[in-house]
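Report on the structure
Residue-level listing of the chains:
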Amino acid sequence: MDDDTTIEELREQITSLETQVEELQAAEDGPTEMVIIATKGTLDMAYPVLILGPMAAAFGWNVTVFATFWGLDMLHEENYRDLKLSSAGNPNMPLPNLLAVMPGMDRLTTKMMRDKIDEVGTDSVPELVERGLENGVNFQACQMTMDLMDYDDEEFIDGVETGVGAAHALRQMADSDVQLLV
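Now for a look at the structure at hand.

About the cut-offs
- Residues numbered from 1 in each chain as written.
- Predicted model: local features only at pLDDT ≥ 70, side-chain atom pairs only at ≥ 80, totals over all residues.
- Heavy atoms only, no water.
- Pairing = 2+ DSSP bridges.
- Helix = DSSP H or I, 4+ residues; strand = E, 2+ residues; numbered from the N terminus.
- Axes fitted to C-alpha atoms, helices over the stretch in contact; angles between N-to-C directions.
- Patch = residues over 30% accessible without salt bridge, like charges linked within 9 Å, V, L, I, M, F, W, Y side chains within 5 Å.
- Areas by Shrake-Rupley, 256 points an atom, 1.4 Å probe, with all protein chains shown as cover.
- Salt bridge = Lys/Arg side-chain N within 4 Å of Asp/Glu carboxyl O.
- Lys, Arg positive; Asp, Glu negative; His and termini not counted.
- Charge placed at Lys NZ, Arg CZ, Asp CG, Glu CD.
- Buried < 20%, exposed > 50% of the residue type's maximum accessible area, 1.4 Å probe, protein only.
- Core = buried A, V, L, I, M, F, W, Y, C linked by side-chain atoms within 4.5 Å.
- Contact = heavy atoms within 4.5 Å.

1. Remarks on the sheet that holds strand β4 (residues 161-164)
- Sheet architecture is open: five strands sit in the order β4-β3-β2-β1-β5, paired in parallel fashion. Because the sheet does not close on itself, it has two edges, and the strands there are β4 and β5 (178-181). Within this sheet the neighbouring strands show an average axis-to-axis angle of 20°, counted without direction.
- Summarising the sheet, strand β1 (residues 33-38) and β5 pair through four bridges and their orientation is parallel. If you follow V35 over to β5, its bridge partner there is Q179.

Below, the structure is given as structure tokens:
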């Protein structure tokens, strides 16, 4: 600013800057974008994805769940009703790891978890997937993993976008406000 700048010119500059700030704020007021990368297909790992995603969508966020590797099971028509819980390697399990590796223990801990889910009235995996679809969550199945697992498009729940590549998922992550790896 030089000494010849008038008060009127300063007011014009302030007005111009205020307009620019308002335009930038308006551009940022779009919905929050969230991408969740779901890599695990166990019962306990499906719940964080299937609770956070639909909840964010219910708040008006644009949510994408990119399922890859075992995460595909939570969207697979035959598998998503019967996800298991692994008892081994989880230090918070109510039994020692030495017992957890014994035959039948995964079946036992899965039953324990399902009983607890029923006891507290938590929705099942199929109910949570349905809620996600109703709320507009874009569930995507990784094409490379579909090929590795020998899964076809028609094996997935109606509404799941199949055949999505990693490059597409990376672009969505780069443009999103929130990225989660589960």
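Here the narrative resumes.
2. Quick notes on a negative patch on the surface
- Taken together, the side chains of D147, D150, D152, D153 and E154 make up a negatively charged region of the molecular surface.
- Mapped onto the secondary structure, E154 falls in the loop between α6 (143-149) and β4.
- Looking at E154, the relative accessible area reads 62%, which means it is exposed.

3. Quick notes on the environment of K111
- Locating K111 in the fold gives a position in helix α4 (residues 105-120).
- Owing to a relative accessible area of 49%, K111 belongs among the partly exposed residues under this scheme.
- Spatially, the C-alpha atom of K111 lies 18 Å from that of P91, the residues being 20 residues apart in sequence.

4. Examining the pattern of salt bridges
- Applying the stated rule across the entire model yields six salt bridges.
- The salt bridge involving D82 is made with K84; its shortest N-O contact spans 2.6 Å.
- Given the relative accessible area of 41%, K84 is considered partly exposed.
- Two residues, D115 and K111, come together in a salt bridge whose shortest N-O distance is 2.8 Å. With a gap of four residues between them, D115 and K111 both fall in helix α4, about one helical turn apart.
- Here the residues in one salt-bridge network are D82, K84 and R114, joined through shared partners.

5. Topic: the nonpolar core
- Counting 32 residues, the largest nonpolar core has V49, L50, V65, M74, V125, F139 and F156 as the members making the most contacts within it.
- Secondary-structure elements contributing two or more residues to this core are β1, α2 (43-58), β2 (62-67), α5 (125-134), β3 (138-142) and α6.
- Looking at which element gives the most residues to this core, the answer is α2, with seven residues.
- When sequence neighbours within four positions are dropped, the list of residues in contact with M74 reads A38, K40, A46, V49, L50, Y80, L83, V125, V129 and I157.
- Grouped together as the second largest cluster of nonpolar side chains are six residues, F66, C142, V164 and A169 included.

6. Regarding unusual backbone geometry
- At F69, a position not held by glycine, the phi torsion is positive, near 45°.
- Its place among the elements puts F69 in the loop between β2 and α3 (97-100).
- Taking the relative accessible area as the measure of exposure, F69 reaches 37% and is therefore partly exposed.
- Phi is positive for D150, which is not a glycine, with a value near 60°.
- Mapping D150 onto the fold places it in the loop between α6 and β4.

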